[in-house]
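Chain and residue survey
Take a look at the letters that make up each chain.
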Amino acid sequence: VDEIAKLHQLIPHAKLNRLVELAIRRTYANWCDEPIPALGGKTPRQCLATRRGRESVRQLLRTYEFDEARRAEAESREPVSYGFLWEALGLVRDD
């Protein structure tokens, strides 16, 4: 039995979802102001100054959301929304 399956047996589904969400929020708590290699070493906030930078940040956030959706599906849980990062940066999804 894999680790996620063990967690599902030990922790109620809703609580596991909340724990994963808290872990993601903590991991990304300072993300908007940290240099990100995928953004050329700039912070997401710095990238907002240009159209190209804003699109790079949007694309990176979409990638995070896509990866989270895949992980959540594989782990039989609800995906965590990265809306808190979009909101913190004042960005609107334009998909």
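To keep things clear, this report deals only with the structure shown in the data block. Quantities reported herein were computed from a predicted structural model and do not represent experimental measurements.

1. Observations concerning the overall build of the chain
- The helix and strand inventory of the chain stands at five helices and zero strands.
- Each helix (α) and strand (β) of the chain, taken in turn from the N terminus, gives the series α-α-α-α-α.
- Within the chain, contacts between residues separated by at least 24 positions form 51% of all contacts whose residues are at least 6 apart in sequence.
- Carbon together with sulfur atoms contributes 52% to the accessible area of the chain, which is approximately 6400 Å² in total.
- Taking the average location of the 16 positive side-chain charges in the chain and that of its 15 negative ones, the two points are 5 Å from each other.

2. Regarding helix H4 (residues 51–74)
- Its 24 residues place the ends of H4 35 Å apart at the C-alpha level, agreeing with the 34 Å of an ideal helix rising 1.5 Å per residue.
- When H4 is considered as a whole, its buried residues turn out to be Gly53, Val57, Arg58, Leu60, Leu61, Arg62, Tyr64, Glu65, Glu68 and Ala72.
- Turning to H4, the residues buried within the fold contact helix H2 (13–27), helix H3 (44–47) and helix H5 (83–89).
- One or two residues past the end of H4 sits Ser76, with phi positive at roughly 55°.

3. Some remarks on the pattern of salt bridges
- For the structure shown, the criterion picks out eight salt bridges.
- Across the pair Arg71 and Glu68 runs a salt bridge whose closest N-O atoms are separated by 3.5 Å. Within this pair, Arg71 and its partner Glu68 are both found in helix H4, separated by three residues, close to a single helical turn.
- You can call Glu68 buried: its relative accessible area is 0%.
- One salt bridge in this structure joins Glu75 and Arg77, with 2.7 Å as the shortest N-O distance. In this structure, Glu75 and Arg77 share a single accessibility class: buried.
- Each of Glu68, Arg71, Glu75 and Arg77 takes part in salt bridges that share partners, so that together they form one network.

Rules used in this analysis
Residue positions are counted from 1 within each chain, in the order its sequence is given. For a predicted model such as this one, the threshold for reporting local features is a pLDDT of at least 70, and the threshold for listing and counting side-chain atom pairs is 80 or more; totals across whole chains, interfaces and linings nevertheless cover every residue. Side-chain descriptors were evaluated using all non-hydrogen atoms of the structure, hydrogens and water having been removed beforehand. Secondary structure elements are taken from DSSP: a helix is a run of H or I of four residues or more, a strand is a run of E of two residues or more, and numbering for both begins at the N terminus. Contact definition: two residues touch when any of their heavy atoms are within 4.5 Å. All accessible areas in this document rest on Shrake-Rupley with a 1.4 Å probe, and a residue is counted as covered only by the protein chains that are shown. We count Lys and Arg on the positive side and Asp and Glu on the negative side, and we leave His and both chain ends out. A single reference atom marks each charge: NZ on Lys, CZ on Arg, CG on Asp, CD on Glu. In this scheme, a helix's expected span is set at 1.5 Å multiplied by one less than its residue total. The classification of residues rests on relative accessible area computed with a 1.4 Å probe and restricted to protein chains. Under 20% of the type maximum is buried, over 50% is exposed, and intermediate values are partly exposed. What makes a salt bridge here is a side-chain nitrogen of Lys or Arg within 4 Å of a carboxyl oxygen of Asp or Glu, nothing more.

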